[in-house]
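Descriptive analysis of the structure
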Amino acid sequence: MARSYVREARRRGLGRRRERIVPIVERLAAEHADAEIALRFRSPLELLVSVMLSAQTTDTNVNRVTERLFLKYRRPEDYLQVPQEELERDIYATGFFRQKAKAIRGTMYVLLERFDGVVPRTLAELVTLPGVARKTANVVAAELGHAQGIVVDTHVRRLSQRLGLTRADDPVKIERDLQRVVPRPDWARFPHLLIWHGRRVCDARSPECEVCVLEDLCPSSRLATPELRSSDASGRARAARSSTRR
Ligand code: SF4
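Residues numbered from 1 in each chain as written. Predicted model: local features only at pLDDT ≥ 70, side-chain atom pairs only at ≥ 80, totals over all residues.

**Let's talk about the site of the ligand**
Our working rule: The rule is simple: place the C-beta atom from the backbone, and if it lies within 6 Å of a molecule or strand, the residue is near it. Amino acid classes used here: Ala, Val, Leu, Ile, Met, Phe, Trp, Tyr, Cys and Pro are nonpolar; Asp, Glu, Lys and Arg are charged; the rest, including Gly, are polar.
What surrounds the ligand is a group of 13 residues, the closest being Cys202, Pro207, Cys209, Cys212 and Cys218. Considered class by class, the residues forming the shell around the ligand number 8 nonpolar, 2 polar and 3 charged.

**Some points on helix H3 (residues 44-53)**
Threshold: Whether a residue is buried, exposed or partly exposed is read from the other C-beta atoms within 10 Å of its own C-beta, which are placed from the backbone; 20 or more gives buried, 12 or fewer gives exposed, and intermediate counts give partly exposed. Only DSSP runs of H or I reaching four residues or more are called helices, and only runs of E reaching two or more are called strands; each is numbered from the N terminus. Contacts here follow a simple rule: the backbone-placed C-beta atoms of the two residues must lie within 7 Å.
The buried fraction of H3 amounts to 7 of the 10 residues, a majority that puts the element mostly inside the structure. Residues Leu45, Leu48, Val49, Ser50, Val51, Met52 and Leu53 constitute the buried set of H3. In this structure, the buried side of H3 is in contact with helix H4 (59-72), helix H5 (76-80), helix H6 (84-91), helix H7 (97-114) and helix H9 (134-143).

**Section: the environment of Pro219**
Among the secondary structure elements, Pro219 is positioned in the loop between helix H12 (189-200) and helix H13 (226-242). Residue Pro219 is classed as buried on the basis of its 23 C-beta neighbours within 10 Å. With 58 residues separating them along the chain, Pro219 and Gln161 place their C-alpha atoms 9.6 Å apart. Non-local contacts of Pro219, meaning those with residues more than four positions away in its chain, are made with Tyr5, Glu8, Ala9, Arg12, Leu14 and Gly164.

**Description of helix H2 (residues 17-31)**
Our working definition: What a helix should span is 1.5 Å times the count of its residues minus one.
With 15 residues, H2 extends 20 Å from end C-alpha to end C-alpha; this agrees with the ideal 21 Å at 1.5 Å per step. Every buried residue of H2 is accounted for by Arg20, Ile21, Pro23, Ile24, Arg27 and Leu28.

**What about unusual backbone geometry?**
Note: most peptide bonds trans; most residues except glycine with negative phi. Backbone geometry at Gln56 places phi at a positive 60°, although glycine is not the residue there. With respect to the helices and strands, the residue Gln56 is situated in the loop between H3 and H4. A count of 10 C-beta atoms within 10 Å places Gln56 in the exposed class. The backbone of Asp116 sits at a positive phi, close to 55°, despite the residue not being glycine.

**Remarks on the packing of H3 against H9**
Note the cut-off: Helix axes are fitted to C-alpha atoms over the stretch in contact, other axes to C-alpha atoms as well, and angles between N-to-C directions run from 0 to 180 degrees. To sort the angles, those under 35 degrees are grouped as roughly parallel, those over 145 as roughly antiparallel, those from 65 to 115 as roughly perpendicular, and the leftovers as oblique. For any helix crossing, the convention is left-handed if the near helix is rotated counterclockwise from the far helix by under a right angle, and right-handed if that rotation is clockwise.
It is at 10 Å that the axes of H3 and H9 come closest, and there the two elements cross at 150°. Viewed along their axes, H3 and H9 adopt a mutual orientation that is roughly antiparallel. For the crossing formed where H3 meets H9, the hand is right-handed. Across the interface between the two elements, Leu47, Leu48, Val51 and Met52 from H3 touch Thr136, Val139, Val140 and Glu143 from H9. Class assignment for the residues of the contact of H3 with H9 results in 6 nonpolar, 1 polar and 1 charged.

**Observations concerning the packing of H3 against H4**
When two helices pack together, their arrangement is given by the angle between their axes and by how far apart the axes lie. Remark: H3 packs on H4, axes separated minimally by 10 Å, with the N-to-C direction vectors making an angle of 140°. In terms of orientation, H3 and H4 fall into the oblique class. In the packing of H3 onto H4, the handedness of the crossing is right-handed. Of H4, the residues touching H3 (which contributes Glu46, Ser50 and Leu53) are Val62, Val65, Thr66 and Phe70. Each residue belonging to the contact of H3 with H4 can be placed in one class, and the counts come to 4 nonpolar, 2 polar and 1 charged.

**Some points on the environment of Val51**
Summarising the element assignment, Val51 is placed in helix H3. On the basis of neighbour count, Val51 is assigned to the buried category, with 23 C-beta atoms found within 10 Å.

Structure (structure tokens):
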């Protein structure tokens, strides 16, 4: 169980999750206006393959591989017309190439058999594809404009906990907690905002609370002092609720 910053938020008088979430989203959106998926793709099929390849590797590495891969494999049929070993060689640099090649070929087969070769939009359909778990399905659905959940990766998990938006450690429970507070129109961009804030400011080992736009809304800020907690807590809470921007 993660340390409960939900309780710490109450102790510091920062306001409830539902009161803090709108200013959190708005400030992050202003701070990271360029936050978007780092994978490069030109079609739903390329998106699906890119996300499947991104397991256990970096987006930069995937982009390097797919730059050539997508010139050779343009339709679901293309992935099935080569021997599996050839596809394995073509995606070797992304790691776990045997499992990934098998999952991609299985997915292409199901796409052709059940979906006329078209990537489905619903989570329920996407998770029926071989090797497509909830996180992958959430990313694909959100990028196609049909967000039905909230992507939880390592950054989203860490920041959601630090910001006191969840007490959970399990990604499924974290997603459920976030769905309760994050406004639905923000479900697709919220993970990107947390991911980019995690990379640029709220590092796992050394968060830069001094320059963080969420500092006065964050129960795990390193800047909070005992004096602030006791004397200024109510004023900070009022400021947090009445202000959506610094
Ligand atoms: S105040 Fe510090 S811990 Fe909180 S989100 Fe910002 S950088 Fe992270």
